[in-house]
Every structure is written in structure tokens, then in C-alpha cells.
Amino acid sequence: MAITPPANRLWWKEPIHGVELGWIVIAFLWGLFMFFFMIAWHFIGDQNLSTETYRVKPAAYEEKVAAWAEQYQKIGADGEPVEVEGTPVVAPPEGGDVYILARLWEFWPVVELKKGVKYRIHISSVDWQHGFSLQPVNMNISVHPGYEHVINLTPTETGEFGIVCNEYCGIGHHTMTGLIRVVE
Amino acid sequence: MASIDATAAGSGVVNAPYRMCRFTGLKVDQAAETLIKVHAVTAVIFLALGGLMGLGVALTRWPAVQILPPEWFYLVLTGHGANVLLFWIIFFEMAVLFFASAILLGSRLAAPKVAWLGYILMLVGALMANYAVLRGDSTVMFTSYVPMQASHWFYLSLIVFAVGALISVMVFFATLVVAKNENTYDGSVPLVTFGAITAAIIAVFTLASGAIILIPTWLWSLGLITEIDSLMYKVVWWGMGHSSQQINVSAHVAIWYAIAAMVLGAKPLSEKVSRMAFLMYILFLQLASAHHLLAEPGMSASWKIVNTSYMMYLAVLGSMIHGLTVPGAIEAAQRRNGFTRGAFEWLTKAPWGNPAFSGMFLSLVMFGFIGGISGVILGTEQLNVLMHNTLYVPGHFHGTVVAGTTLAFMAMTWLVVPLIFRRDIIWPTLAKWQPYLFGIGAGGISLFMMGAGTLGVPRRHWDISLADAAHRAVEFPAAAYLMMGLNGLFAILAALGGLVFIVTVVASILAGPKLDGPDAKMVFPLHDASRQVSEYGSEGTLKLPGTIILVGIFFAAFVLYYFVNWKYLSELWLFN
Ligand code: HEM
Ligand SMILES: [Cu+2]
Ligand SMILES: [Cu+2]
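Residues numbered from 1 in each chain as written. Chains lettered and ligands numbered in written order. Predicted model: local features only at pLDDT ≥ 70, side-chain atom pairs only at ≥ 80, totals over all residues. Heavy atoms only, no water.

Q: If you had to explain the packing of aromatic side chains to someone new, which residues and values would you point to?
A: When we look at a pair of aromatic rings, we describe it by the centre distance and by the angle of the planes. Under the definition given, this model contains 51 aromatic pairs over all chains. Between the aromatic rings of A:Trp30 and B:Phe558, the centroid separation amounts to 5.6 Å while the plane-to-plane angle is 85°, which identifies the pairing as edge-to-face. With A:Trp30 in helix α1 (residues 18-44) and B:Phe558 in helix α18 (residues 545-570), this residue pair bridges two chains. Across the pair, B:Phe558 and A:Trp30 agree in class, each one buried. With a centroid separation of 5.4 Å and 50° between ring planes, the pair formed by B:Trp88 and B:Phe92 is classed as tilted. Placement of both B:Trp88 and B:Phe92 in helix α3 (residues 70-103) is noted, with a separation of four residues, approximately one turn of the helix. Members of the aromatic cluster, each reached through a chain of ring pairs, are A:Trp23, A:Trp30, A:Phe33, A:Phe37, A:Trp41, B:Phe369, B:Phe554, B:Phe555, B:Phe558, B:Tyr562, B:Phe563 and B:Trp566. Between the NZ or CZ atom of B:Arg22 and the centre of the ring of B:Phe23, over which it lies, the distance is 4.7 Å. (Phe/Tyr/Trp six-rings, centres within 6.5 Å; stacked < 30°, edge-to-face > 60°. Helix = DSSP H or I, 4+ residues; strand = E, 2+ residues; numbered from the N terminus. Buried < 20%, exposed > 50% of the residue type's maximum accessible area, 1.4 Å probe, protein only. Lys NZ or Arg CZ within 6 Å of the ring centre and 35° of its normal.)

Below you can see the structure in the form of C-alpha cells.
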């Protein structure tokens, strides 16, 4: 029994059952397959999280994003800067750098991208950890203070997309959101 | 030493430190017995507290109910994680360690006084943690990611708790040495003890990681250290956080084997395979922290792949092996007990009315199908981006640690009450239904949280309608709201199952029929070896058709679900 010492003192010399051996082989091969499939996806797949990361001081990141947002601020037909609920809308050049700043409790600014174009999206936090959860696409990435993460992102559909914070970041966590617009 | 030998030999001596168990024939050391009682009772109290908090959390996440205001929701969620994942589980695990060493080996406990010191430290730590959380300035979740800061009481409490646990684990190891030196058993340790040793070795690694990360964090909360790197914190924290889950797995797998042995007379198909599967947990667990970091910046892809797969899924292989050998051992035992018809008579005629067995079997099935499969999916480098930090994550680990570990520990408790407290179950009908009530509830919350997570619903989030948000960024689909409602309903079932468990166990301990009389019988009897009809199969001839079918279904579900998720991933926006 499993609660008594093995009846056969030389238990390690007992043969293994065929059923067990068969399952070990299948499970081992399945493990190998899953292992190599992750590697393979780096070659055959279009969804691999970038590892490009830089150290950055939160204050420096904040300045950089503010300067960039001012440069590419979207201007409406009336000549006024476009805003959504007080947050500026920024339309970066096609294929250029895009900055998103996470802070208590918003993702800033609102960015406008073109469908099918690849952008370099920079993300960092200036205070606590946050979670970048793009919805309803359902793509989820962690955001750290002090680390600037660069992701090459190509939107494949148009519309208005939300960013919801999914890393607990204090009492306002459930109010922390942002927007990404994708146009033709 | 001499005095112990003397009393052990003269079994008629008053105050003898041993008694013989009438039901199992095991020699029970009194000091170990008392410690097991105290740890089990303490564990159950923290389960009651933590479970109540879990219900509050689930009812808040049900949008139509939203029972708690946000400050309380986050506070209670922090308390829930700490009380159930740390205190309930680890107190119970210490009871398991004392059982698997002193009792199963028929030995004395090495140093009861030291074990008591460990217990007191753990208790002080656990109480202090609740104090810190209830003060309201430590609402940081049990993961306490920096740079968000809790009160220094919070970190200190976890350190004190961990030191206490480490001391108790050392008593366990010392007891193994005592048993060996005093020749209390013959040959190798039983498989269940081997599983417990696995758990204990992992516990040492885990507690060391915990100390490495929590001590500097505590100093930081006191203002003695200026900065803790958030990424480094996460890497080391999960060295503790994930490995400690491997303790739970080792412990509950050991319990599966123990219950199968005690209730059905099961013995391992082959000792070698089952032990090797435990060994794999030890060899590859240090890598586990990686699968919590797949969505983080700054880790290389090859580091992620090697680590998240625990070196090519060898620890997963360990669990998959137990997934065959446990039901296989049960099938073989049941066939020996005379249930030989068809592929499944062994299962249909199993003692489903015995809560120790039904709880154990439900735990086995749900751990594999819900917790196990979803864990591999979450831990796949690229697939992680689909559910990182969504409700899928708590869905997954309620499959492992609630439907799996907690249910197995509850099942074991139905044996601990008659065998250790020597009181029979006072309300057998309630006890009989308890595993189903709790099991279905726990399975339900796991599945519905996973479902909501698949639809993008964030974890640890007070209001998915985003009513007060910076922007109403997204309207979650009606299906997500439905899932949250169903999650609330199944949470009520699970809470009821928990309540029945606690009330019945406590009432049995206090007022259950006494079992120390010479012919008292247990309402849920143990396996009766004399009823065994045949020696079923030896190595060469053993046939396990039922187990093969069950494992086949499991494997098919696993492969299918794995590829479904790659299909989802391929439809995402492109990124690299
Ligand atoms: C009545 C039984 C239980 C119910 C209804 C329940 C429900 C929940 C819910 C709804 C969440 C919150 C998910 C979120 O918003 O992120 C949660 C979190 C959690 N639960 Fe449970 N749970 C129960 C029992 C348990 C048990 C027994 C354990 C451990 C053994 C456990 C471990 C956890 C942990 C670790 C978390 C994560 C806390 C965090 O995110 O910081 N739960 N539970
Ligand atoms: Cu946030
Ligand atoms: Cu947040």
C-alpha cells in the first residue's frame, strides 16, 4: 500500500507496467512537441512578444511622451486640437514611434493608428505597475515603472479599442483606462 | 532515547507516548497526534475566514449584486488570498508532514517542543497579517508587487510565518532521521512519505526565496532601503509564489495515494514510476517562476521558453504520470476487491457515498481537467498574452488549489477526524454530500472565471462596467456579465460546501460518537483487506481498460484545447 513501505524491498528493480510505460512515452513526446512549438512560433507566427526594453527614469519618460504628444497632436477641421474627454488625441506618422504612458489612473494620450501599418509602441509606467489590456482584442501585457518596453504592433481591424488596466494599482484601479483608435 | 525505547517496548505503561490505531494498525505518537490536531483545527479556522472573504469577493464581482464598496473589495481580496492560499493550505500541510513522518513511519516526533515553536510563530504571523490587512493600509494583494507599499507589519507577518513554517519542516526532516536511526520501519519509506518529502524539500527552496525577497522589502517599508526593482521583485517573488504551488501539488498527490490506500486498499502500480514522478517536481521547480513573467518587459524569449516549460515540460510530465498511476492504482485495487465487470464497474461501484473517496476522486479529475490543462496553456510563452492578468488566471488556480488541493485536504479531513481525533462523523448525510457541493461550486467558479477571462474581463477589478473610468473604453459582452453572475451562484454553492465542511468537522470533533471503545465502528469504513477476493494481475497481466479510456479522454481534451488557443492567438493583431 501507498502508506506502508514497499512490499518488495528491491522495488526499483520491479519492471514497469506496459500501460505506464506507454503513457510516459506519449506524455513525454507531447511535452517535447509543446516545447518545440513555442520555438517554432517565433518563425511561423505573427504574435511573439517583443523583448526590446530600455531602462528609463519615470520623469524622463514623462517628458519624452509629452514632447512627442505635442508634436503629433491631432488638429481638427476647426483648427482646434482634438481631445476625448479631456485627453489629447495624437496621430503619429505611419510606421513611426508611438508612446503610451501609464499612470494613476489613466493611459495617456489617446492614439490614432492606421490599419495594417506597423508601429513601434513604447509603454512604461511613471508610478506603479499597471496592466495593458487591449480590448476587445484581448492582448495583455505588464507595464513596469523604470522599464520602457517597445512592441512592434500592427492593427488588423479598424474601430475604437479600449485599454483596461488589469494589474491592481490601488483604489482607482477600476477607473484606469485608455483608448486606441484605428482608421483606414 | 533510552526512555523512549523503554516506553515503546512496554506498551502497558501509563502515559505511554504511543497508542496503536485499531483501524489502521499504525503506531501513533501522542506528541505528533496533538500537533496534527492543532494544525488541522487552525487550518480550518483560516479556511472559514478566508472562504467567507472569497464569497464576499465573488458577490462583489457579480455586477448585479456588487456587495462590497471598492475599498473593502480590494481589502477583502487581499485577505482572501493570504488566508486561504497561505494560512489554510500551509497549516494543513504541516499536519500532513507530521502524519507522513511520525505516524506512517511509526516513529516518535523528533522535537515536539521545536515543532510547537514553529506552530506559534506561524500563528503569530498569520494573525499579524490579518491585523495588517484589516488596518486598511496593506491593501496590496498577497503578491504585494512593488513599488506599491504595504504597512511594514504586512511584510514582517509573512516573514514570521515563513520562519515558523521552516522550523516545522526541519522537525519533519529530523523525524525522518530519528525513524531511520531507530529502525521503526522496514526497507524504504512509504510512497506517501516520499511525496511528503518532495513537498518538504520544495518548501525549503520556497521559504528561502521568500526570505530573499521579503526581508529587503520589509526593510524598504521601514525606510532603510530606498528602492526595490519591480522586475527583480517579481522574478524572486514568484520563485516563492510558484514553487509553493508545487508544494501543494506534491502534498495533495500524496493524499490521493493515501486515501486510495486507506479506503480501497490501493497500492502503487509500480513504486518506481510514482516516485520518479515526484522527483521530477523537485528537479525542475526552480524554473517555475518564469511563467508568471511571460508578459513582462526585458526577459529574453529563450529564457522564457526554457523556464516556463520547466525544461521541456518535465514537471508537467510528473503530474501527467500521477494522472495515470492514481486512477490506475484505484482500478487495480477495485478489481482485486471483486469489481471486475466491464471497463468501469470498478468506478461505478466505488464508495461514492464516502466523502473521503468522493472528495479525492473529484479533486483528481478537476485538478487534471480544469487546473492542469489551463495551467499549461497559460504557461505557454505566446499564449500567455491572451489571458495574462485576466480572470482566466484566478479561474485556473481555483482549479488547482481549490478544486484540487483544498478538496483533497477536505477529503483527508474526513479520515483525520475518526482516526486522529477518534470521534466519528456526527452527521454522515451532510458529510456525504459535502464533496459534491463544494466540488461543483469550486469547479464552477474555476470554469466561469476562465470563461470571463477569455472574454477579456480583468482580474482584481471592482467594476467591469467602467462607470467611473477615465474613458468608457470597452463594453464587455453580455456573455461576460452572465459568466460573472454564474460565478457568483457557484461561489454560493462552494461557500455552502465549505460551511457544511466546517460545521460538520467541528461538531464531530466536539460531540461525535467516541471511537476509542473496543468495538466501535466508523460510519465511513476503511478498506477491509479480508473482503479482497483475488490477487488481480501481476506486472505482466495487469489490465486497466477503464484508466486507459479516462486518460485517453484527458489527453484528447488537452490537445484539442491547446490548438484552439493557438487558433485564437493567430487571429490577434500582429506584434513582435
Ligand atoms: C468559497 C470558496 C471560494 C470562492 C467563492 C472564491 C472566489 C474567489 C474570487 C471571486 C476571487 C477573485 C478574482 C479576482 O477578482 O481577481 C478569488 C481570488 C483568489 N482566490 Fe478564491 N475563492 C474561494 C476559495 C479559495 C481557496 C480555498 C483558495 C486557496 C486555497 C483561494 C485562493 C484564491 C487566491 C490566491 C486568489 C487571488 C487573490 C488575488 O488576486 O490577490 N480561493 N477567489
Ligand atoms: Cu493601473
Ligand atoms: Cu490597475
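There is more to say, and it comes next.
Q: Tell me about the UniProt feature "domain: Cytochrome oxidase subunit II copper A binding" (unreviewed entry) in chain A, residues and numbers included.
A: In the numbering adopted here, UniProt assigns the feature "domain: Cytochrome oxidase subunit II copper A binding" (unreviewed entry) to residues 91-184 of chain A. Helix and strand shares over residues 91-184 of chain A are 0% and 59% respectively, and the end C-alpha atoms of the span are 13 Å apart. (UniProt positions renumbered as here; feature names shortened; annotations may be inferred.)

Q: Tell me about α18(B), and please be specific about residues and values.
A: The periodicity of an α-helix, 3.6 residues per turn, causes residues three or four positions apart to be oriented the same way. Between the first and last C-alpha of α18(B) there are 38 Å, a value that for 26 residues agrees with the 38 Å anticipated at 1.5 Å per step. Of all the positions in α18(B), only B:Gly546, B:Thr547, B:Val551, B:Phe554, B:Phe558, B:Tyr562, B:Asn565, B:Trp566 and B:Leu569 are classed as buried. (Expected span 1.5 Å × (residues − 1).)

Q: Can you break down the coordination of the copper ion (ligand 3) residue by residue, with the values?
A: Residue and element names in this part refer to chain A. Surrounding the copper ion (ligand 3) are the protein donor atoms Cys165 (SG), Glu167 (O), Cys169 (SG) and His173 (ND1), which sit 2.0 to 2.3 Å from the metal. Each of the four donor atoms bound to the copper ion (ligand 3) contributes to angles spanning 91 to 122°, and the resulting shape is tetrahedral. Coordination of the copper ion (ligand 3) draws on donor residues from a single chain, spaced C-x1-E-x1-C-x3-H in sequence. Taken as a pair, the copper ion (ligand 3) and the copper ion (ligand 2) show a spacing of 2.6 Å, with Cys165 coordinating each metal. (Donors = N, O, S within 2.8 Å, 3.2 Å for Na, K, Ca; no water. Tetrahedral: all angles 85-135°; square planar, octahedral: opposite > 155°, others 65-115°.)

Q: Please give an account of the pattern of salt bridges that cites residues and values.
A: One pass over the structure, following the stated rule, counts 22 salt bridges over all chains. In this structure, B:Glu182 and B:Arg108 form a salt bridge, with 2.9 Å as the shortest nitrogen-oxygen distance. Taken together, the positions of B:Glu182 in the loop between α5 (152-181) and α6 (191-221) and B:Arg108 in the loop between α3 and α4 (112-135) put the pair 74 residues apart, joining distant regions of the chain. As far as burial versus exposure is concerned, B:Glu182 and B:Arg108 are alike and both buried. A single network of salt bridges, built from pairs that share partners, joins A:Glu167, B:Lys234, B:Glu296 and B:Arg460. (Salt bridge = Lys/Arg side-chain N within 4 Å of Asp/Glu carboxyl O.)

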